[in-house]
Structures are given as C-alpha cells and as structure tokens.
Amino acid sequence: MWIASGLPGGTYRSVYARNLEKLMPDYKLYYRPSSGSGENLEMLAAGDADLAFAQADVYAAKLAQAPERFGGLVVLGALADECVYIAHRRDGPVRELGQLGEPVDGRPARIALGAVSGGMAGTWGYLTMLNPKLTQAAVDDTGDTLALNQLAVGAFDAVGWVTDPDNYDHKMLRAALANDALALMPLKDPNLVTKLHDGTRVYDARKVKLADRWNAPKLETLCTQALVLVRDDADPKLLNKVADLVGLKRDVITGRAKN
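Residues numbered from 1 in each chain as written. Predicted model: local features only at pLDDT ≥ 70, side-chain atom pairs only at ≥ 80, totals over all residues. Heavy atoms only, no water.

## Digging into the overall build of the protein chain
And step 1. The secondary structure content of the protein chain amounts to 9 helices and 12 strands.
And step 2. Seen through its principal axes, the protein chain has C-alpha atoms that stretch 60 × 45 × 30 Å.
And step 3. Among the 259 residues that make up the protein chain, the fraction classed as buried is 50%.
And step 4. When contacts within the protein chain are restricted to residue pairs at least 6 apart in sequence, those whose partners lie at least 24 apart make up 73%.
And step 5. Per element, the accessible surface of the protein chain, about 12300 Å² overall, is 48% carbon and sulfur. (Helix = DSSP H or I, 4+ residues; strand = E, 2+ residues; numbered from the N terminus. Buried < 20%, exposed > 50% of the residue type's maximum accessible area, 1.4 Å probe, protein only. Contact = heavy atoms within 4.5 Å. Areas by Shrake-Rupley, 256 points an atom, 1.4 Å probe, with all protein chains shown as cover.)

## Quick notes on the pattern of salt bridges
And step 1. Under the criterion given, the structure shown has 11 salt bridges.
And step 2. Glu42 serves as the salt-bridge partner of Arg69, at 2.9 Å between the closest nitrogen and oxygen. Within this pair, whereas Arg69 is found in helix H4 (residues 67-70), its partner Glu42 is found in helix H2 (residues 37-46), the two being separated by 27 residues in sequence.
And step 3. Residue Arg69 is classed as partly exposed on the basis of its relative accessible area, which comes to 36%.
And step 4. Ionic pairing is found between Arg201 and Asp81, a salt bridge with its closest N-O pair at 2.7 Å. Here Arg201, found in the loop between strand S10 (182-184) and strand S11 (204-209), pairs with Asp81, found in strand S4 (residues 73-89); they are 120 residues apart in sequence, far enough to count as distant.
And step 5. Note on Asp81: relative accessible area 19%, which makes it buried.
And step 6. Here the salt bridges share partners, and the residues they tie into one network are Asp81, Arg201, Asp204 and Arg206. (Salt bridge = Lys/Arg side-chain N within 4 Å of Asp/Glu carboxyl O.)

## Re the environment of Ser34
And step 1. Following the sequence through the fold, Ser34 ends up in the loop between strand S2 (30-32) and H2.
And step 2. Sequence spacing of Ser34 and Pro8 is 26 residues, and the spatial spacing of their C-alpha atoms is 9.1 Å.
And step 3. With sequence-adjacent residues up to four places away left out, Ser34 is seen in contact with Gly6, Leu7, Glu39, Asn40 and Met43.
And step 4. In terms of polar contacts, Ser34 uses its side chain to reach the backbone amide nitrogen of Gly36, at 3.3 Å. (Polar contact = N/O pair within 3.5 Å; in protein donor to acceptor, adjacent residues only side chain to side chain.)

## Some remarks on unusual backbone geometry
And step 1. One non-glycine residue, Asp105, lies in the positive phi region at around 55 degrees.
And step 2. By the secondary structure assignment, Asp105 is in the loop between strand S5 (103-104) and strand S6 (107-108).
And step 3. Overall, Asp105 belongs to the exposed group, its relative accessible area being 77%.

## Re the nonpolar core
And step 1. Ile86, Leu97, Leu100 and Trp124 are the most contacted members of the largest nonpolar core, which totals 43 residues.
And step 2. Elements supplying a minimum of two residues to this core: H2, strand S3 (51-55), helix H3 (56-65), S4, helix H5 (119-130), strand S9 (158-163) and strand S12 (218-231).
And step 3. It is H3 that contributes the most residues to this core, 6 residues altogether.
And step 4. Sequence-distant contacts of Leu100, defined by excluding residues within four places in its chain, comprise Val94, Ala109, Ile111, Trp124, Leu134, Gln136, Ala137 and Ala158.
And step 5. If you look at the next biggest cluster of nonpolar residues, it comprises 23 residues, including Tyr12, Ala17, Ala80 and Leu238. (Core = buried A, V, L, I, M, F, W, Y, C linked by side-chain atoms within 4.5 Å.)

## Structural notes on helix H1 (residues 11-22)
And step 1. In a regular helix each residue adds 1.5 Å, so 12 residues correspond to 16 Å; H1 covers 16 Å between its end C-alpha atoms and thus fits that length.
And step 2. Every buried residue of H1 is accounted for by Tyr12, Tyr16, Ala17, Asn19 and Leu20. What you see down the axis of H1 is that its buried residues fit within an arc of 160 degrees, all on one side. (Expected span 1.5 Å × (residues − 1). Arc of directions from axis to C-beta.)

## Here we look at the packing of aromatic side chains
And step 1. Scanning all chains against the criterion turns up 6 aromatic pairs.
And step 2. Measuring from ring centre to ring centre gives 4.9 Å for Trp2 and Tyr30, while their planes differ by 25 degrees; the resulting arrangement is stacked. Remark: Tyr30 occurs in strand S2 and Trp2 occurs in strand S1 (residues 2-4); sequence separation between them is 28 residues.
And step 3. Since its relative accessible area comes to 32%, Trp2 is described here as partly exposed.
And step 4. Ring geometry for Tyr85 against Trp161: centres 5.7 Å apart, planes inclined by 5 degrees, an arrangement best described as stacked. Residue Tyr85 is found in strand S4, and its partner Trp161 is found in strand S9; the two are separated by 76 residues along the sequence. (Phe/Tyr/Trp six-rings, centres within 6.5 Å; stacked < 30°, edge-to-face > 60°.)

## A look at the environment of Asn179
And step 1. Tracing the chain through its elements places Asn179 in the loop between helix H7 (171-178) and S10.
And step 2. Residues Asn179 and Pro33, 146 residues apart in the sequence, show an inter-C-alpha distance of 33 Å.

Right under this line is the structure:
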C-alpha cells in the first residue's frame, strides 16, 4: 500500500502513517513524500497513492475547484483536529482576518503561508472561497520561524500555519508567544463554519488553549480535521480494513492512546 503522507518528521508521516503501519502487519506500506495535504490529494487522485492524509478544508477546496478530478475520493474518517493560527504584529495595521482583504497604506496586505502545496496554503485557498475579499492579500511562501521573524520587523502583516491544537510544543506557536511584538489573531466569523454536502465538517469554531496548564490563555479560532481518504475504486478489503482501524483505533493512530 502506498501512502501519501507528507514529509518525514511531520505528524502525518511520523505519527499517523507509522502507527497505521503497526496496525496493518499483513500489508507492506510504502510512503510518497510530499509538501502537505494538497500534494497528498493530487497523488491520490492521480493513482500514485492508495491512501492519503489531508486537511478537510484543503480537500473541500480541491473538490470545489476540480470536482471531476477529486469527486472520486472517499473519506474513510477523521483522525484529529487541526487548527488555524495567524500571527500579527501587536502594533501593526492588520489585527483581524477581514483586514487582510483591505489595502494597507495603499498596498495589499501581506501574509506568509509557507509552501504552496502545504497545509496553510490550502487553508487560505478555502478561506478565500468563503470570503472572496481575502484574495486581495499578497501571499508569500516564506514559512517557519523565518516568516515570524520577518513579520516582527514589518516584512509581512500576518503569518499563518495549521497544527494540532494539543501540540503546545509546536515551534511556530512557541516562537509567536515568545515574541512580545507578536500576537495571535482571533478568528470568530460564524460565516466560516461550514460542512460539505456529505456532512464532513470543514471548520468548527473553537477556543484552544495556548499552553498545557489549566489557566492557560485561549484563542478563538477555526479548526478543521485531518482526514483519511482513498479512491472510490480502492480494494474493498483495504477500504474496510482502514475504515475499521480509523473507527476503532483512532487514539492509537494519532498517538493519543493511554498507556
């Protein structure tokens, strides 16, 4: 079985895929490295993978853009939430999501999203479908802590990323919270809370903690889901096997099973 699972070291490849492999000893698993959800879906649709992990919002965007290409994919289930984080300068001109769709001092607002086929770029693509004004923002593919450092000195107006809300050790979150010049943008627009026609949740509004302690500050944001997908012509035995594991062993796959 070939899995489109992102880069080594990432959650999809190093947690979900690795744990799924342990639960499928009768299968030999191989991995298609990629830059993230968008490329995972492309490989699955092209027949270069048998199974893929992808964010629900990236899948929704692909489905809307090319239904004839991605309409043949089947969602087997969801593994865990992944939430949207957008950092901005505390004293900057952009402090709310809607302001990214407005001019800033006579120029487009600038947001850094990381790799073009990565998770946050896919998220942004779907957000622009829900709020077309956001297409006015100038998008840059700078990512990681470099983007946050450049945000702090004025190169960007915002920097976005997507991650597991329980991953308090995520370096982007740590770097943003450690920089007094930066803050995280609340995402509270109820018009962004959506589902697909089959009921698959694309976004939910949530308040997520920013540290692993009972009195940690919280952020209002949007959360999507990490989905497991196959093609509709998948081997029925494989489809049923993975569906059973997602339904019965979700905590094992995500690494959240209690010891």
